[in-house]
Amino acid sequence: MEQMKDILKIPIEKESDLNFKNDKCKICNQPLYKKYNILGVDRTVRISCECEIQAYNKKRQDEEVREKQQRLEKLMTNSLMDKKFKQSTFGNWDYDKGTKKMYELGKRYSDNFAKCKEKGLGLLIYGEPGNGKTYLSSCIANELLKNMVPAICVSINGLLSRVQETYNKWGKEAEGDIIRGLCNADLLIIDDLGTEKKSEWSKTMIYNIIDNRYRSNLPLIITSNLNINPSTPNGILTELYDRRTEDRILEMCTPVLNNQKSIRINQAKKKTEIFRSILYGEE
């Protein structure tokens, strides 16, 4: 129907003017004009050949890529992503920082993110401090960013501090803008849940952030040093936050225990060996 309306707007062509309208595209050799009979009147219209359609689609794709790049640059700024974060990738995965099991988990999740996003599927990666959870989540975020998928990775403390900063500039109403703005990211990664200073305000804010992702059916990855037992209701998450928060997290995020021992201890030993080598010449 819309096509018919557009055709009716085109003026009637004289037969003498139709000779040059047998033109074909010099590249794909498809006709560039087509005659329609509308209510007994012949009308000739300019149509797009395959080359022009492809060029138009490419222009649209280029514009979408530019828009995504702008969104990603903004997300990178808002994510408080530092230089160390940007160097964490699956391409240069360090097995001293993360196990093969964690590498395979993160890579599979990234490779299948489109399906995970469609179902709103996330991860709750927990375990003792310093065993590579942040490293894994950083690699996931960077893999998605490399593929032009908007992802934001931020520590819970950095996120709450960002909200508090807005109070001084724009007042409490800006709080909602930040929470809604997080939905610009296809994936939100909250690192170190449980390390924040506990207060009624922080508990409410964390619930609002998680609930906003839940209602938008957008995936969420959480890392935590908390001793989480997913099979036990009213566990540590309920104790620190409330039952609603625990229910939301466990519904959205599949719990994964990272039982690797702390890598920071091994790194500290290596640095001690380097230190002794420099100072005392020991091999």
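Residues numbered from 1 in each chain as written. Predicted model: local features only at pLDDT ≥ 70, side-chain atom pairs only at ≥ 80, totals over all residues. Heavy atoms only, no water.

(A) Expanded view of the overall build of the protein. Across its full length, the protein carries twelve helices and seven strands. Accessible surface, the protein: about 17,400 Å² in total, of which carbon and sulfur atoms supply 50%. (Helix = DSSP H or I, 4+ residues; strand = E, 2+ residues; numbered from the N terminus. Areas by Shrake-Rupley, 256 points an atom, 1.4 Å probe, with all protein chains shown as cover.)

(B) Just the sheet that holds strand E3 (residues 122-126), in detail. Taken together, five strands build an open sheet; the order of strands is E4-E5-E6-E3-E7 and the sheet is parallel. Every other strand in the sheet has two partners, leaving strand E4 (151-155) and strand E7 (253-257) as the edge strands with one partner each. Sheet twist, expressed as the mean angle between neighbouring strand axes with direction ignored, is 15°. As defined by bridge partners, strand E5 (residues 187-193) adjoins strand E6 (residues 220-224) across four bridges and the pair is classed as parallel. Note that in E6 the partner of Leu193 across the bridge is Ser224. Packed on one face of the sheet, helix H9 (residues 200-215) meets E5 and E6 and runs near 150° to E5. Running at roughly 85° to E7, helix H11 (residues 243-252) makes contact with E3, E5, E6 and E7 of the sheet. (Pairing = 2+ DSSP bridges. Axes fitted to C-alpha atoms, helices over the stretch in contact; angles between N-to-C directions. Contact = heavy atoms within 4.5 Å.)

(C) A look at the packing of helix H8 (residues 174-181) against H9. Two elements in contact, H8 and H9, have axes whose closest approach is 9 Å; the angle formed by their N-to-C orientations is 40°. What the angle tells us is that H8 and H9 run oblique. You can see that H8 and H9 cross each other, and the crossing is right-handed. The residues of H9 that touch H8, namely those facing Glu175, Ile179 and Arg180, are Trp201, Met205, Asn208, Ile209 and Asn212. (Parallel < 35°, antiparallel > 145°, perpendicular 65-115°, else oblique. Left-handed = near helix turned anticlockwise from the far one by under 90°.)

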